[in-house]
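Spelled out, the chains give:
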Amino acid sequence: MKKKAVIFDMDGVVSDTQKFHAEVESVLLKEYGIDLSPEKITKTYSGVADEKMFEELFEKHNVTVPSIDALVSRKWDVMRDLSRGRIEPIPHVLTLIQELKKEGFKLAIASASTKEFINEVMKELALENYFDELGSAQEVKQGKPAPDIFLLAASRLGVAPEESVVIEDGRSGMIGAKEANMKCIGLISNKEEDYPATIVVTSLDQIKLAQIHAL
């Protein structure tokens, strides 16, 4: 089936902002006696909704917190301060986005970040005019690895899931794309590991338009 849309995860695929998520989350978790490095958080929870990640970890470590929502709110206050003026694009993503747009693909963001932060990233990277739709995990019932955010993006773009390709760096997003019946290109750092993506690349300049059409 001819592909009509490409749906991007944002943190770690479009912008280098996954590192800010992991840094802040690692510090907050340490306050509750949970010692997880930013690298471990990224590997395990990249793309997972904040509430789901904190709830899962607190349950696993038998930790009680007064309010998950308050903790998530605090995370985003720190995130905004930490990332302001420091957001950079992932290598080769701007060229890829421009090529896809020129080819006539519809483009969307499907991110676990808040809508406010997505808009901030789009503005800092001057990408507001490239993406047709911006989707946040706040807008769906279940975040990644559930398929909800990808199905929402396809619906807003007016394309079938089968006509969509997802570009993801997180395992949870790769699983969600598969559950949404979409092909997935996994942006990874270690090809020796097994990833639930249709194909994997270690750099975005390895993605070719003909390859997307052939998926």
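Summarised in this report is the structure supplied together with it. (Residues numbered from 1 in each chain as written. Predicted model: local features only at pLDDT ≥ 70, side-chain atom pairs only at ≥ 80, totals over all residues. Heavy atoms only, no water.)

What about the packing of aromatic side chains?
Argument step 1. Summed over the entire model, instances satisfying the criterion amount to four aromatic pairs.
Argument step 2. Ring geometry for Phe 8 against Phe 131: centres 5.6 Å apart, planes inclined by 90°, an arrangement best described as edge-to-face. Residue Phe 8 is located in strand β1 (residues 5-8), and its partner Phe 131 is located in the loop between α6 (115-124) and β3 (133-136); the two are separated by 123 residues in the primary sequence.
Argument step 3. A residue is classified by how much of its surface remains accessible, and Phe 8, at 0% relative accessible area, is buried.
Argument step 4. Considering the side-chain rings of Phe 54 and Phe 58, the 5.9 Å spacing of their centres and the 15° angle between planes classify their relative orientation as stacked. One end of the pair, Phe 54, and the other, Phe 58, are both in helix α3 (residues 50-60), four residues apart, so they sit about a helical turn from each other.
Argument step 5. Taken together, the ring pairs in this structure connect Tyr 32, Phe 54 and Phe 58 into an aromatic cluster.
Argument step 6. The ring of Tyr 195 is capped by Arg 171, whose NZ or CZ atom sits 4.3 Å from the centre of that ring. (Phe/Tyr/Trp six-rings, centres within 6.5 Å; stacked < 30°, edge-to-face > 60°. Helix = DSSP H or I, 4+ residues; strand = E, 2+ residues; numbered from the N terminus. Buried < 20%, exposed > 50% of the residue type's maximum accessible area, 1.4 Å probe, protein only. Lys NZ or Arg CZ within 6 Å of the ring centre and 35° of its normal.)

Re the layout of surface pockets
To locate leftover empty space, one rolls a probe as large as a water molecule over the atoms.
Argument step 1. Considering only enclosed or pocket space, the largest pocket measures out at about 480 Å³ in volume.
Argument step 2. Along the wall of the largest pocket there are 21 residues; nearest its centre are Thr 42, Asp 169, Leu 187, Ile 188 and Ser 189.
Argument step 3. Among the secondary structure elements, those contributing two or more residues to the lining of the largest pocket are α1 (18-30) and α2 (38-45).
Argument step 4. Counted as a void, the second largest pocket has a volume near 160 Å³.
Argument step 5. Around the second largest pocket, the lining comprises 14 residues; the ones closest to its centre are Ala 49, Glu 51, Ala 112, Ala 137 and Gln 138.
Argument step 6. Residue assignment for the lining of the second largest pocket shows that the elements contributing at least two residues are α3 and α4 (68-83).
Argument step 7. Split by residue class, the lining of the second largest pocket holds six nonpolar, five polar and three charged. (1 Å grid on protein atoms, 1.4 Å probe; cavity = no way out; pocket = protein on both sides within 12 Å on 5 of 7 lines; lining within 4 Å. Points joined across faces, edges and corners; volume = space filled by probe spheres on them. Nonpolar A, V, L, I, M, F, W, Y, C, P; charged D, E, K, R; others polar.)

Looking at empty space enclosed by the protein
Argument step 1. Considering all chains together, one arrives at one cavity of 30 Å³ or more under this definition.
Argument step 2. In this model, the largest cavity occupies a volume close to 100 Å³.
Argument step 3. Only α1 and α3 provide two or more residues apiece to the lining of the largest cavity.
Argument step 4. Take the lining of the largest cavity: its biggest share by element is three residues, from α1.
Argument step 5. Considering only residue class, the lining of the largest cavity consists of four nonpolar, five polar and five charged.

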